[in-house]
Amino acid sequence: MTQDVWTVVIVVAVFLGLLGLMALGWRNRGRSQAGLYDTLPAVPAETGDVVLGPLTGVYIGSTVAGDWQARIARAPLGHRSAGTFTAYTGGLRLELADSTVWIPRADLVEVRRASALANKTVPGGGILVARWQVDGLDGRTLIDSGFRADDKDSYPRWEALRGDAAPADRPDTPRATTEEKQ
């Protein structure tokens, strides 16, 4: 074989090896997060009246609250997806390409803007972040779920939404990200 063929074979092998390591890392992250939540709340039969939305855009992902890079790898929160975000009197509904996430009003802490979440950065607070809490084997966990809407002019109305949740009492959960402190 010529040197060019060997170079291509080595490059392809290294590329496949890196892809395999990335897949292994994602799987291990998902396993290590098994205690974050048992199951997510199901969409109730009666969601209440529509308060805001539907807002179309892209679901950025979810992180453990306070660390914009601690991306959650468990389904359905682990993957970016086109989506629709709607606020009801009973909670928030996030419709993704392959699933629906329901955030009950009783679990919603706040809705705010951010410039960075789940290893995605956008200028000027372009990500709408819902902070909410779930119960799991590890106790109560605060989660930040990000949505980048097509219509960012409605963000102030979304930020006015307040949840009924009392703050989680986990001392190991950071209360504010570095970005929030600035």
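Here the structure is a predicted model, which means the values were calculated and not measured.

Student: Just to check I follow, could you spell out a nonpolar patch on the surface for this structure?
Tutor: A cluster of nonpolar residues, Met 1, Val 5, Trp 6, Val 9, Ile 10, Val 14, Leu 18, Leu 21 and Leu 24, forms a patch on the protein surface that exposes about 900 Å² of accessible area. With respect to the helices, strands and loops of the structure, Leu 18 is situated in helix H1 (residues 3-32).

Student: Please clarify how unusual backbone geometry should be interpreted in this entry.
Tutor: What you tend to see is this: most non-glycine residues have negative phi, and most peptide bonds are trans. Of the consecutive residues Gly 53 and Pro 54, the connecting peptide bond is found in the cis state with omega at 5 degrees. Tracing the sequence through the fold places Pro 54 in strand E1 (residues 50-64). Residue Pro 76 follows Ala 75 across a cis peptide bond; omega there is -5 degrees. Along the chain, the position of Pro 76 falls in the loop between E1 and strand E2 (81-88).

Student: When you look at the nonpolar core in this model, what are you seeing that I'm missing?
Tutor: The tendency in soluble globular proteins is for nonpolar side chains to be buried side by side. Core analysis: the largest hydrophobic core is formed by 27 residues, its most contacted members being Leu 77, Phe 85, Leu 92 and Trp 158. Of all the secondary-structure elements, those providing two or more residues to this core are E1, E2, strand E3 (91-96), strand E4 (100-104), strand E5 (108-114), strand E8 (127-136), strand E9 (139-149) and helix H2 (155-159). The dominant element in this core, judged by the number of residues it contributes, is E8, at four residues. Those residues in contact with Trp 158 that lie beyond four places of it in its chain are Leu 52, Gly 53, Leu 55, Phe 85, Thr 86, Ala 87, Leu 92, Val 111 and Leu 128.

Quick notes on the rules
Residues numbered from 1 in each chain as written. Predicted model: local features only at pLDDT ≥ 70, side-chain atom pairs only at ≥ 80, totals over all residues. Heavy atoms only, no water. Patch = residues over 30% accessible without salt bridge, like charges linked within 9 Å, V, L, I, M, F, W, Y side chains within 5 Å. Areas by Shrake-Rupley, 256 points an atom, 1.4 Å probe, with all protein chains shown as cover. Salt bridge = Lys/Arg side-chain N within 4 Å of Asp/Glu carboxyl O. Helix = DSSP H or I, 4+ residues; strand = E, 2+ residues; numbered from the N terminus. Core = buried A, V, L, I, M, F, W, Y, C linked by side-chain atoms within 4.5 Å. Buried < 20%, exposed > 50% of the residue type's maximum accessible area, 1.4 Å probe, protein only. Contact = heavy atoms within 4.5 Å.

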